[in-house]
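Spelled out from the first residue to the last, the chains are:
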Amino acid sequence: MRTINVGLFGLGVVGCGVISILRRNRGLIRARLGADLRVTHAVTANPKKKRSVALRGISVSKDPATILSNPGIDIVVELVGGTTHAKSYVLGALDAGKPVVTANKALLAEHAREIFGRVYEKELSIGFEASVAGGIPVLRSLKEGLSGDHIREIVGIVNGTSNYILSKMSAEGTPFAEVLAEAQRLGYAERDPTFDVEGHDAAHKLAILVNLAYGTTIDYSKIYKEGISRITPTDITYARQMGYVVKLLAIGKLSGQRVEARVHPTLISVDHQLAAVNGVFNAVFITGDNVDATMSYGRGAGALPTGSAVVSDIIDLARNQLAGIQQKIPALSVTKGELRNLSVVPIHELESEYYLRFQVLDRVGVLASMTKIMGNNNISIQSMVQPAQADHPEDPVQVILITHRARDRDVQKSLRQIAKLNFITGPTQLIRIESFE
Ligand SMILES: NC(=O)c1ccc[n+]([C@@H]2O[C@H](COP(=O)([O-])OP(=O)(O)OC[C@H]3O[C@@H](n4cnc5c(N)ncnc54)[C@H](OP(=O)(O)O)[C@@H]3O)[C@@H](O)[C@H]2O)c1
(Lines give C-alpha, C1' and ligand atoms only; values in the text may rest on other atoms or scores of the structure.)
Protein backbone atom coordinates (compact mmCIF):
# COMPACT_ATOMS: atom_id res chain seq x y z
CA MET A 1 0.00 0.00 0.00
CA ARG A 2 1.33 3.45 -0.92
CA THR A 3 2.23 5.92 1.83
CA ILE A 4 1.53 9.64 1.53
CA ASN A 5 3.93 11.67 3.65
CA VAL A 6 2.76 14.77 5.46
CA GLY A 7 4.95 17.61 6.76
CA LEU A 8 3.32 19.47 9.64
CA PHE A 9 4.06 23.04 10.74
CA GLY A 10 2.84 23.63 14.32
CA LEU A 11 2.37 21.16 17.16
CA GLY A 12 -0.20 23.13 19.13
CA VAL A 13 -3.86 22.41 19.85
CA VAL A 14 -4.85 21.57 16.27
CA GLY A 15 -1.50 20.07 15.21
CA CYS A 16 -1.65 17.54 18.06
CA GLY A 17 -5.33 16.91 17.27
CA VAL A 18 -4.40 15.99 13.71
CA ILE A 19 -1.66 13.60 14.82
CA SER A 20 -4.06 11.96 17.24
CA ILE A 21 -6.81 11.49 14.59
CA LEU A 22 -4.40 10.12 11.98
CA ARG A 23 -3.14 7.62 14.53
CA ARG A 24 -6.49 6.63 16.05
CA ASN A 25 -8.37 6.33 12.74
CA ARG A 26 -5.51 4.91 10.72
CA GLY A 27 -7.39 1.76 9.66
CA LEU A 28 -10.48 3.69 8.62
CA ILE A 29 -8.45 6.22 6.64
CA ARG A 30 -6.54 3.43 4.89
CA ALA A 31 -9.80 1.77 3.94
CA ARG A 32 -11.25 4.99 2.59
CA LEU A 33 -8.12 6.32 0.89
CA GLY A 34 -6.41 3.13 -0.23
CA ALA A 35 -3.13 4.49 1.13
CA ASP A 36 -1.41 5.21 4.43
CA LEU A 37 -1.15 8.79 5.69
CA ARG A 38 1.91 9.49 7.83
CA VAL A 39 3.21 12.65 9.45
CA THR A 40 6.94 12.12 8.97
CA HIS A 41 8.24 15.63 9.77
CA ALA A 42 7.07 18.42 12.04
CA VAL A 43 8.44 21.95 12.41
CA THR A 44 7.62 23.89 15.55
CA ALA A 45 8.94 26.83 17.55
CA ASN A 46 9.99 24.73 20.56
CA PRO A 47 10.82 21.20 19.39
CA LYS A 48 11.62 19.98 22.92
CA LYS A 49 8.28 21.00 24.43
CA LYS A 50 6.12 18.20 25.87
CA ARG A 51 3.02 17.50 23.75
CA SER A 52 -0.41 16.03 24.39
CA VAL A 53 0.38 13.23 21.89
CA ALA A 54 3.37 10.95 21.46
CA LEU A 55 5.58 12.01 18.56
CA ARG A 56 7.05 8.59 17.78
CA GLY A 57 8.06 8.24 14.15
CA ILE A 58 7.99 12.00 13.58
CA SER A 59 11.19 13.95 13.04
CA VAL A 60 10.68 17.26 14.91
CA SER A 61 12.76 20.33 14.15
CA LYS A 62 12.81 24.11 14.03
CA ASP A 63 14.05 24.17 10.48
CA PRO A 64 11.37 24.81 7.79
CA ALA A 65 13.67 23.34 5.13
CA THR A 66 13.22 19.87 6.65
CA ILE A 67 9.72 20.02 5.16
CA LEU A 68 9.87 22.57 2.36
CA SER A 69 13.04 21.21 0.73
CA ASN A 70 12.24 17.59 1.40
CA PRO A 71 11.32 15.74 -1.80
CA GLY A 72 9.75 12.98 0.31
CA ILE A 73 6.99 15.27 1.66
CA ASP A 74 3.80 15.00 -0.42
CA ILE A 75 1.51 17.38 1.48
CA VAL A 76 2.31 20.37 3.74
CA VAL A 77 0.02 21.24 6.64
CA GLU A 78 0.29 24.69 8.24
CA LEU A 79 -1.11 24.91 11.80
CA VAL A 80 1.04 27.71 13.20
CA GLY A 81 -1.38 30.64 12.95
CA GLY A 82 -0.56 34.31 12.43
CA THR A 83 0.33 35.92 9.15
CA THR A 84 4.12 36.16 9.11
CA HIS A 85 5.85 32.80 9.47
CA ALA A 86 2.73 30.94 8.43
CA LYS A 87 2.62 32.93 5.21
CA SER A 88 6.22 32.09 4.35
CA TYR A 89 5.56 28.39 5.03
CA VAL A 90 2.44 28.30 2.85
CA LEU A 91 4.03 30.23 -0.03
CA GLY A 92 7.25 28.22 0.38
CA ALA A 93 5.31 24.97 0.06
CA LEU A 94 3.43 26.18 -3.04
CA ASP A 95 6.68 27.37 -4.61
CA ALA A 96 8.12 23.93 -3.96
CA GLY A 97 5.15 22.44 -5.85
CA LYS A 98 3.54 20.95 -2.75
CA PRO A 99 -0.20 21.13 -2.02
CA VAL A 100 -1.12 22.76 1.28
CA VAL A 101 -3.68 22.35 4.05
CA THR A 102 -4.20 25.20 6.49
CA ALA A 103 -6.64 26.23 9.23
CA ASN A 104 -5.34 29.79 9.18
CA LYS A 105 -8.32 32.11 8.66
CA ALA A 106 -6.32 35.28 9.38
CA LEU A 107 -3.81 34.44 6.65
CA LEU A 108 -6.41 33.44 4.06
CA ALA A 109 -8.61 36.47 4.77
CA GLU A 110 -5.96 39.18 5.03
CA HIS A 111 -3.68 37.87 2.29
CA ALA A 112 -6.29 36.29 0.04
CA ARG A 113 -4.98 37.82 -3.17
CA GLU A 114 -1.40 36.73 -2.61
CA ILE A 115 -2.12 33.23 -1.32
CA PHE A 116 -4.87 32.31 -3.78
CA GLY A 117 -3.00 34.11 -6.57
CA ARG A 118 -0.07 31.76 -5.98
CA VAL A 119 -2.33 28.70 -5.74
CA TYR A 120 -3.91 29.56 -9.12
CA GLU A 121 -0.56 30.43 -10.69
CA LYS A 122 0.98 27.12 -9.62
CA GLU A 123 -2.24 25.19 -10.38
CA LEU A 124 -1.98 23.47 -7.02
CA SER A 125 -4.54 22.65 -4.33
CA ILE A 126 -5.06 24.28 -0.96
CA GLY A 127 -7.40 22.79 1.63
CA PHE A 128 -8.80 25.21 4.21
CA GLU A 129 -11.96 23.54 5.52
CA ALA A 130 -10.82 24.04 9.13
CA SER A 131 -10.47 27.79 8.71
CA VAL A 132 -14.24 28.38 8.91
CA ALA A 133 -16.55 26.89 11.53
CA GLY A 134 -13.98 24.30 12.71
CA GLY A 135 -15.26 20.80 12.11
CA ILE A 136 -18.38 21.72 10.11
CA PRO A 137 -17.81 20.83 6.44
CA VAL A 138 -19.28 24.08 5.23
CA LEU A 139 -16.65 25.04 2.66
CA ARG A 140 -17.00 21.66 1.04
CA SER A 141 -20.75 22.17 0.73
CA LEU A 142 -20.15 25.52 -0.96
CA LYS A 143 -17.47 24.16 -3.31
CA GLU A 144 -19.03 20.82 -4.14
CA GLY A 145 -22.59 20.38 -2.90
CA LEU A 146 -23.74 23.77 -4.14
CA SER A 147 -21.55 24.03 -7.24
CA GLY A 148 -24.64 24.32 -9.46
CA ASP A 149 -26.28 27.07 -7.41
CA HIS A 150 -25.98 30.83 -7.28
CA ILE A 151 -25.44 31.62 -3.61
CA ARG A 152 -28.06 34.14 -2.55
CA GLU A 153 -26.80 34.69 0.96
CA ILE A 154 -24.59 33.31 3.68
CA VAL A 155 -25.43 34.03 7.30
CA GLY A 156 -23.20 32.50 9.92
CA ILE A 157 -22.72 32.22 13.65
CA VAL A 158 -19.02 31.56 13.32
CA ASN A 159 -17.48 32.76 16.56
CA GLY A 160 -18.10 30.36 19.43
CA THR A 161 -16.84 32.74 22.13
CA SER A 162 -19.31 35.48 21.18
CA ASN A 163 -22.13 33.01 20.80
CA TYR A 164 -21.37 31.52 24.21
CA ILE A 165 -21.39 34.98 25.80
CA LEU A 166 -24.63 36.10 24.12
CA SER A 167 -26.35 32.79 24.94
CA LYS A 168 -25.35 33.08 28.60
CA MET A 169 -26.41 36.74 28.76
CA SER A 170 -29.78 35.75 27.26
CA ALA A 171 -30.35 32.78 29.54
CA GLU A 172 -29.27 34.43 32.79
CA GLY A 173 -29.60 38.19 32.27
CA THR A 174 -25.93 38.59 33.24
CA PRO A 175 -23.93 41.58 31.89
CA PHE A 176 -21.31 41.14 29.18
CA ALA A 177 -18.25 41.73 31.40
CA GLU A 178 -19.33 39.11 33.95
CA VAL A 179 -20.01 36.43 31.34
CA LEU A 180 -16.75 37.24 29.58
CA ALA A 181 -14.81 36.78 32.84
CA GLU A 182 -16.50 33.40 33.36
CA ALA A 183 -15.79 32.37 29.74
CA GLN A 184 -12.13 33.25 30.31
CA ARG A 185 -12.08 31.11 33.47
CA LEU A 186 -13.58 28.17 31.55
CA GLY A 187 -11.16 28.55 28.64
CA TYR A 188 -13.85 29.59 26.13
CA ALA A 189 -12.35 33.06 25.76
CA GLU A 190 -8.75 34.22 25.34
CA ARG A 191 -7.08 36.45 27.93
CA ASP A 192 -7.26 39.20 25.30
CA PRO A 193 -10.73 38.55 23.89
CA THR A 194 -10.82 41.51 21.47
CA PHE A 195 -10.34 39.39 18.41
CA ASP A 196 -13.36 37.24 19.17
CA VAL A 197 -15.79 39.65 20.81
CA GLU A 198 -15.16 42.61 18.50
CA GLY A 199 -15.95 40.66 15.33
CA HIS A 200 -12.46 40.26 13.77
CA ASP A 201 -12.39 36.47 13.90
CA ALA A 202 -15.90 36.24 12.41
CA ALA A 203 -14.87 38.72 9.69
CA HIS A 204 -11.90 36.51 8.75
CA LYS A 205 -14.26 33.58 8.31
CA LEU A 206 -16.78 35.70 6.41
CA ALA A 207 -14.08 36.82 3.96
CA ILE A 208 -13.28 33.17 3.23
CA LEU A 209 -16.96 32.23 2.81
CA VAL A 210 -17.63 35.19 0.50
CA ASN A 211 -14.51 34.54 -1.58
CA LEU A 212 -15.53 30.94 -2.07
CA ALA A 213 -19.21 31.66 -2.73
CA TYR A 214 -18.55 34.37 -5.31
CA GLY A 215 -15.16 33.41 -6.77
CA THR A 216 -13.41 36.58 -5.62
CA THR A 217 -10.78 37.88 -3.20
CA ILE A 218 -12.40 40.77 -1.36
CA ASP A 219 -10.44 43.39 0.56
CA TYR A 220 -10.69 42.16 4.17
CA SER A 221 -10.23 45.67 5.58
CA LYS A 222 -13.48 46.76 3.90
CA ILE A 223 -15.63 44.28 5.86
CA TYR A 224 -17.77 46.12 8.42
CA LYS A 225 -16.98 44.80 11.92
CA GLU A 226 -18.87 45.52 15.09
CA GLY A 227 -18.65 43.33 18.19
CA ILE A 228 -20.90 42.38 21.10
CA SER A 229 -19.25 44.29 23.95
CA ARG A 230 -21.91 47.03 23.96
CA ILE A 231 -24.88 44.63 24.03
CA THR A 232 -26.69 44.76 27.38
CA PRO A 233 -29.11 42.38 29.12
CA THR A 234 -31.67 45.22 28.78
CA ASP A 235 -31.51 44.99 24.99
CA ILE A 236 -31.69 41.22 25.06
CA THR A 237 -34.80 41.39 27.26
CA TYR A 238 -36.62 44.00 25.14
CA ALA A 239 -35.65 42.22 21.94
CA ARG A 240 -37.07 38.98 23.32
CA GLN A 241 -40.34 40.74 24.22
CA MET A 242 -40.55 41.86 20.59
CA GLY A 243 -39.88 38.37 19.24
CA TYR A 244 -36.15 38.58 18.55
CA VAL A 245 -32.87 37.14 19.80
CA VAL A 246 -29.47 38.83 19.53
CA LYS A 247 -26.72 36.98 17.63
CA LEU A 248 -23.33 38.02 16.31
CA LEU A 249 -23.84 37.30 12.62
CA ALA A 250 -21.45 37.24 9.69
CA ILE A 251 -23.50 38.16 6.63
CA GLY A 252 -22.46 37.89 2.98
CA LYS A 253 -24.62 38.55 -0.10
CA LEU A 254 -24.10 39.43 -3.71
CA SER A 255 -25.42 42.91 -4.43
CA GLY A 256 -25.16 43.68 -8.14
CA GLN A 257 -21.46 43.73 -9.01
CA ARG A 258 -20.52 44.14 -5.34
CA VAL A 259 -20.85 42.09 -2.15
CA GLU A 260 -22.31 42.86 1.21
CA ALA A 261 -19.89 41.59 3.85
CA ARG A 262 -20.58 42.62 7.41
CA VAL A 263 -20.25 41.33 10.97
CA HIS A 264 -22.38 42.85 13.71
CA PRO A 265 -24.80 42.01 16.51
CA THR A 266 -28.09 41.30 14.80
CA LEU A 267 -31.68 40.71 15.84
CA ILE A 268 -33.26 37.66 14.25
CA SER A 269 -36.70 36.19 14.79
CA VAL A 270 -36.93 33.71 17.68
CA ASP A 271 -38.42 31.31 15.12
CA HIS A 272 -35.39 31.31 12.83
CA GLN A 273 -33.19 28.19 12.93
CA LEU A 274 -30.11 30.27 13.81
CA ALA A 275 -31.89 31.54 16.94
CA ALA A 276 -31.62 28.03 18.42
CA VAL A 277 -27.83 27.86 17.98
CA ASN A 278 -26.50 28.39 21.49
CA GLY A 279 -23.31 28.13 23.51
CA VAL A 280 -20.00 27.58 21.72
CA PHE A 281 -21.71 26.02 18.71
CA ASN A 282 -21.47 27.44 15.20
CA ALA A 283 -23.93 27.31 12.33
CA VAL A 284 -23.87 28.54 8.77
CA PHE A 285 -27.10 29.24 6.92
CA ILE A 286 -26.65 29.27 3.15
CA THR A 287 -29.34 29.98 0.58
CA GLY A 288 -28.83 28.85 -3.02
CA ASP A 289 -31.10 29.68 -5.95
CA ASN A 290 -32.02 26.03 -6.49
CA VAL A 291 -31.52 24.36 -3.14
CA ASP A 292 -33.17 27.20 -1.17
CA ALA A 293 -32.24 27.36 2.53
CA THR A 294 -29.65 25.02 4.09
CA MET A 295 -28.02 25.05 7.50
CA SER A 296 -24.91 23.32 8.86
CA TYR A 297 -24.36 23.11 12.60
CA GLY A 298 -21.56 21.89 14.86
CA ARG A 299 -18.45 22.69 16.83
CA GLY A 300 -16.44 25.61 15.53
CA ALA A 301 -13.24 24.93 17.45
CA GLY A 302 -11.28 22.43 19.51
CA ALA A 303 -8.45 20.01 18.75
CA LEU A 304 -10.58 17.16 17.40
CA PRO A 305 -13.37 19.03 15.56
CA THR A 306 -10.81 21.28 13.86
CA GLY A 307 -8.45 18.33 13.39
CA SER A 308 -11.31 16.44 11.72
CA ALA A 309 -11.58 19.15 9.03
CA VAL A 310 -7.79 19.25 8.57
CA VAL A 311 -7.64 15.47 8.17
CA SER A 312 -10.48 15.52 5.63
CA ASP A 313 -8.50 18.04 3.59
CA ILE A 314 -5.35 15.91 3.82
CA ILE A 315 -7.35 12.92 2.57
CA ASP A 316 -8.75 15.01 -0.26
CA LEU A 317 -5.31 16.13 -1.39
CA ALA A 318 -3.95 12.61 -0.96
CA ARG A 319 -6.72 11.36 -3.31
CA ASN A 320 -5.53 13.88 -5.92
CA GLN A 321 -2.00 12.54 -5.59
CA LEU A 322 -3.15 8.94 -5.95
CA ALA A 323 -5.11 9.96 -9.05
CA GLY A 324 -2.00 11.68 -10.43
CA ILE A 325 -3.59 15.14 -10.52
CA GLN A 326 -2.76 18.34 -8.67
CA GLN A 327 -6.22 19.77 -8.53
CA LYS A 328 -9.78 18.56 -9.00
CA ILE A 329 -11.77 21.50 -7.66
CA PRO A 330 -10.42 25.06 -8.05
CA ALA A 331 -9.42 26.66 -4.74
CA LEU A 332 -12.08 29.39 -4.88
CA SER A 333 -14.67 27.36 -6.82
CA VAL A 334 -14.05 29.08 -10.16
CA THR A 335 -11.44 28.14 -12.73
CA LYS A 336 -8.31 30.16 -13.54
CA GLY A 337 -9.21 33.40 -15.27
CA GLU A 338 -12.73 33.44 -13.81
CA LEU A 339 -11.88 35.08 -10.48
CA ARG A 340 -13.76 38.39 -10.13
CA ASN A 341 -12.66 41.54 -8.40
CA LEU A 342 -15.72 42.35 -6.30
CA SER A 343 -15.79 45.34 -4.00
CA VAL A 344 -17.59 45.47 -0.65
CA VAL A 345 -20.71 47.62 -0.25
CA PRO A 346 -19.93 50.29 2.40
CA ILE A 347 -22.08 49.93 5.52
CA HIS A 348 -23.65 53.38 5.09
CA GLU A 349 -25.33 52.12 1.91
CA LEU A 350 -26.92 49.16 3.70
CA GLU A 351 -30.71 48.96 3.91
CA SER A 352 -32.09 47.19 6.93
CA GLU A 353 -34.62 47.35 9.73
CA TYR A 354 -33.30 48.74 13.01
CA TYR A 355 -33.87 48.31 16.72
CA LEU A 356 -33.22 51.65 18.41
CA ARG A 357 -33.28 52.07 22.18
CA PHE A 358 -33.36 55.66 23.38
CA GLN A 359 -32.87 56.85 26.94
CA VAL A 360 -35.05 59.90 27.41
CA LEU A 361 -36.72 62.08 30.04
CA ASP A 362 -40.41 61.31 30.27
CA ARG A 363 -41.78 64.58 28.86
CA VAL A 364 -44.62 65.53 26.57
CA GLY A 365 -43.56 65.77 22.92
CA VAL A 366 -40.45 63.58 23.21
CA LEU A 367 -41.70 60.94 20.83
CA ALA A 368 -43.05 63.50 18.36
CA SER A 369 -39.66 65.27 18.20
CA MET A 370 -37.79 62.03 17.60
CA THR A 371 -40.13 60.65 14.97
CA LYS A 372 -40.17 64.03 13.17
CA ILE A 373 -36.38 63.90 12.79
CA MET A 374 -36.58 60.31 11.62
CA GLY A 375 -39.36 61.12 9.15
CA ASN A 376 -37.25 63.96 7.73
CA ASN A 377 -34.52 61.35 7.14
CA ASN A 378 -36.82 58.90 5.30
CA ILE A 379 -37.21 56.56 8.27
CA SER A 380 -40.62 55.22 9.18
CA ILE A 381 -41.46 53.44 12.41
CA GLN A 382 -42.82 49.90 12.42
CA SER A 383 -43.44 49.50 16.14
CA MET A 384 -42.68 51.10 19.48
CA VAL A 385 -42.35 49.98 23.09
CA GLN A 386 -42.09 52.23 26.12
CA PRO A 387 -41.67 49.72 28.91
CA ALA A 388 -42.31 51.70 32.11
CA GLN A 389 -43.09 55.18 33.37
CA ALA A 390 -40.43 56.93 35.42
CA ASP A 391 -41.11 57.19 39.17
CA HIS A 392 -39.75 60.70 39.14
CA PRO A 393 -40.08 63.15 36.17
CA GLU A 394 -36.30 63.59 36.07
CA ASP A 395 -35.59 59.82 35.88
CA PRO A 396 -34.86 58.59 32.37
CA VAL A 397 -37.09 56.03 30.63
CA GLN A 398 -36.39 53.77 27.71
CA VAL A 399 -38.12 54.07 24.35
CA ILE A 400 -37.61 51.30 21.83
CA LEU A 401 -38.41 51.86 18.18
CA ILE A 402 -38.30 49.29 15.39
CA THR A 403 -37.96 50.93 12.00
CA HIS A 404 -39.09 49.78 8.58
CA ARG A 405 -36.26 49.22 6.11
CA ALA A 406 -34.07 52.31 6.10
CA ARG A 407 -30.65 53.29 4.86
CA ASP A 408 -27.82 53.08 7.40
CA ARG A 409 -26.57 56.53 6.46
CA ASP A 410 -30.04 58.04 7.18
CA VAL A 411 -30.35 56.22 10.50
CA GLN A 412 -26.91 57.40 11.65
CA LYS A 413 -27.73 60.96 10.61
CA SER A 414 -31.00 61.02 12.53
CA LEU A 415 -29.32 59.55 15.62
CA ARG A 416 -26.74 62.34 15.50
CA GLN A 417 -29.55 64.91 15.32
CA ILE A 418 -31.59 63.22 18.06
CA ALA A 419 -28.53 63.07 20.34
CA LYS A 420 -28.56 66.88 20.45
CA LEU A 421 -32.11 67.05 21.86
CA ASN A 422 -32.16 68.10 25.51
CA PHE A 423 -34.33 65.20 26.76
CA ILE A 424 -31.83 62.53 25.61
CA THR A 425 -30.01 61.27 28.73
CA GLY A 426 -27.60 58.66 27.37
CA PRO A 427 -26.23 56.96 24.28
CA THR A 428 -28.75 55.36 21.92
CA GLN A 429 -28.43 51.66 21.21
CA LEU A 430 -28.66 50.53 17.58
CA ILE A 431 -28.97 46.90 16.52
CA ARG A 432 -29.63 45.89 12.92
CA ILE A 433 -32.39 43.38 12.20
CA GLU A 434 -31.99 40.60 9.63
CA SER A 435 -35.26 39.45 8.16
CA PHE A 436 -33.87 36.88 5.65
CA GLU A 437 -35.06 36.47 2.09
N1 LIG B 1 -7.67 26.00 18.22
C2 LIG B 1 -8.76 25.87 17.49
O3 LIG B 1 -9.78 25.37 17.94
C4 LIG B 1 -8.77 26.36 16.08
C5 LIG B 1 -9.97 26.30 15.34
C6 LIG B 1 -9.97 26.70 14.00
C7 LIG B 1 -8.81 27.17 13.42
N8 LIG B 1 -7.67 27.25 14.17
C9 LIG B 1 -6.46 27.76 13.52
O10 LIG B 1 -5.48 26.75 13.56
C11 LIG B 1 -4.19 27.33 13.61
C12 LIG B 1 -3.44 26.73 14.81
O13 LIG B 1 -4.17 27.02 15.98
P14 LIG B 1 -3.81 26.34 17.39
O15 LIG B 1 -4.96 26.63 18.28
O16 LIG B 1 -3.40 24.93 17.18
O17 LIG B 1 -2.57 27.22 17.82
P18 LIG B 1 -1.51 26.92 19.00
O19 LIG B 1 -2.05 25.92 19.94
O20 LIG B 1 -1.08 28.24 19.50
O21 LIG B 1 -0.31 26.23 18.20
C22 LIG B 1 0.55 26.92 17.36
C23 LIG B 1 1.76 26.06 17.10
O24 LIG B 1 2.61 26.72 16.18
C25 LIG B 1 3.93 26.65 16.67
N26 LIG B 1 4.68 27.81 16.20
C27 LIG B 1 4.62 29.10 16.63
N28 LIG B 1 5.44 29.87 15.91
C29 LIG B 1 6.04 29.06 15.00
C30 LIG B 1 7.00 29.26 13.97
N31 LIG B 1 7.49 30.46 13.69
N32 LIG B 1 7.37 28.20 13.23
C33 LIG B 1 6.88 26.96 13.47
N34 LIG B 1 5.97 26.71 14.46
C35 LIG B 1 5.57 27.75 15.19
C36 LIG B 1 3.83 26.62 18.17
O37 LIG B 1 5.04 26.08 18.63
P38 LIG B 1 5.44 25.47 20.08
O39 LIG B 1 4.25 24.67 20.56
O40 LIG B 1 6.59 24.59 19.73
O41 LIG B 1 5.75 26.62 20.96
C42 LIG B 1 2.58 25.75 18.34
O43 LIG B 1 2.91 24.39 18.35
C44 LIG B 1 -4.42 28.84 13.69
O45 LIG B 1 -4.32 29.39 12.41
C46 LIG B 1 -5.84 28.95 14.21
O47 LIG B 1 -6.48 30.14 13.81
C48 LIG B 1 -7.63 26.85 15.48
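Whatever comes next refers back to the structure up there.
Quick look at the structure, then. Only a predicted model underlies this, so the values are computations on that prediction, with no experimental measurement involved.

1. A word on the layout of surface pockets
- For the largest pocket, the calculated volume is near 1,300 Å³.
- Taken together, 48 residues make up the lining of the largest pocket; nearest its centre are Val13, Val14, Lys105, Glu190 and Ala301.
- Those elements that provide at least two residues to the lining of the largest pocket are helix H1 (13–24), helix H5 (105–110), helix H8 (160–172), helix H10 (194–197) and helix H11 (200–214).
- Of the residues belonging to the lining of the largest pocket, the class tally is 18 nonpolar, 19 polar and eleven charged.
- Shared between two domains, the lining of the largest pocket holds at least three residues of each, these being domain 1 (3–136 + 303–323) and domain 2 (138–299).
- Estimated volume of the second largest pocket: approximately 420 Å³.
- Lining the second largest pocket are 20 residues, and of these Asp149, His150, Ile151, Ala213 and Tyr214 lie nearest its centre.
- Contributing elements (two or more residues each) for the lining of the second largest pocket: helix H7 (138–145), strand E7 (151–157) and H11.
- In terms of residue count, the dominant contributor to the lining of the second largest pocket is H11 (three residues).

2. A few points about the site of the ligand
- Around the ligand sit 23 residues in total, of which Thr44, Asn46, Arg51, Tyr89 and Gly302 are the nearest.
- Here Lys49 contributes a side-chain N or O atom positioned 2.8 Å from an oxygen atom of the ligand.
- The side chain of Tyr89 places a nitrogen or oxygen atom 2.7 Å from a nitrogen atom of the ligand.
- Here the ligand loses 76% of its free accessible area of 900 Å² to cover by the protein chains.
- Most atoms of the ligand, that is more than half of them, are within 2 Å of grid points of the largest pocket.
- By residue class, the composition of the shell around the ligand is eleven nonpolar, nine polar and three charged.

3. Focus: helix H13 (residues 303–323)
- If you check H13, its first and last C-alpha atoms are 30 Å apart, about what 21 residues at 1.5 Å a residue would give, namely 30 Å.
- Considered for burial, the residues of H13 that qualify are Thr306, Gly307, Ala309, Val310, Val311, Asp313, Ile314, Ile315, Leu317, Ala318, Asn320 and Gln321.
- Looking one or two residues past H13, Gly324 carries a phi angle of roughly 75 degrees, positive in sign.

4. Regarding the pairing of strand E10 (residues 258–269)
- Judged by how many residues are buried, E10 sits mostly within the fold: ten of twelve residues are covered.
- Pairing analysis gives two bridges linking strand E8 (residues 224–225) to E10, with the strands arranged parallel. Residue pairing across strands places Tyr224 opposite Arg262, the latter belonging to E10.
- In the sheet, strand E9 (residues 244–255) pairs with E10 via twelve bridges, with the strands oriented antiparallel. Across the sheet, the residue bridging to Ile251 is Arg262, located in E10.
- Linking E9 back to E10 in an antiparallel pair, the connection comprises two residues, with Gly256 at a positive phi of about 65 degrees.
- Strand direction decides the pairing type here: E10 and strand E13 (residues 343–344), joined by two bridges, are parallel. Bridge pairing in E13 links Val259 to Val344.

5. Focus on the packing of aromatic side chains
- Under the definition given, this model contains five aromatic pairs.
- Centre to centre, the rings of Phe116 and Phe128 are 5.3 Å apart; their planes meet at 70 degrees, and the pair counts as edge-to-face. Of the two residues, Phe116 sits in helix H6 (residues 112–122) while Phe128 sits in the loop between strand E6 (126–127) and H7, which places them twelve residues apart along the sequence. Accessibility assignment for this pair places Phe116 and Phe128 in one class, buried.

Thresholds, definitions, all that
Positions within a chain are numbered from 1, following the residues in the order the chain's sequence is written. Owing to the predicted nature of the model, reporting of local features is limited to residues with pLDDT of at least 70; listing and counting of side-chain atom pairs is limited to 80 or more, with chain, interface and lining totals taken over all residues. Computation of side-chain values: all heavy atoms of the structure, hydrogens and water removed. Definitions used throughout: a 1 Å grid over protein atoms alone; a cavity as a set of points that fits a 1.4 Å probe which cannot get out; a pocket as an open set with protein on both sides within 12 Å along at least five of seven lines; a lining residue as one with an atom within 4 Å of a point. Grid points are joined across faces, edges and corners, and a volume is the space filled by probe spheres set on the points. Under the DSSP-based scheme used, a helix requires at least four consecutive residues in state H or I and a strand at least two consecutive residues in state E, with every element numbered from the N terminus. When residue character is reported, Ala, Val, Leu, Ile, Met, Phe, Trp, Tyr, Cys and Pro are called nonpolar, Asp, Glu, Lys and Arg charged, and the others, Gly included, polar. Per the annotation, domain bounds derive from an automatic or database assignment of domains. Whether a residue is near a molecule or strand depends on its heavy atoms: if one lies within 4 Å, it is near. Two N or O atoms count as a polar contact when they lie within 3.5 Å, although within protein this holds only if one can serve as hydrogen donor and the other as acceptor, and sequence-adjacent residues are included solely when both atoms are side-chain atoms. Surface exposure here means Shrake-Rupley accessible area, sampled with a 1.4 Å probe, where a residue is shielded only by the protein chains that are shown. Molecule-in-pocket calls rest on the fraction of atoms, with more than half required to lie within 2 Å of the cavity or pocket grid points. Helix span is expected to be 1.5 Å times the residue number reduced by one. Burial status follows relative accessibility: with a 1.4 Å probe on protein chains alone, a residue under 20% of its type maximum counts as buried, one over 50% as exposed, and anything between as partly exposed. Strand pairing follows a simple DSSP-based rule, namely that at least 2 bridges must link the two strands. Geometry of aromatic contacts follows a simple scheme: Phe, Tyr and Trp rings, the Trp one being its six-membered ring, pair when their centres are within 6.5 Å, and the pair is stacked under 30 degrees between planes, edge-to-face over 60, tilted otherwise.

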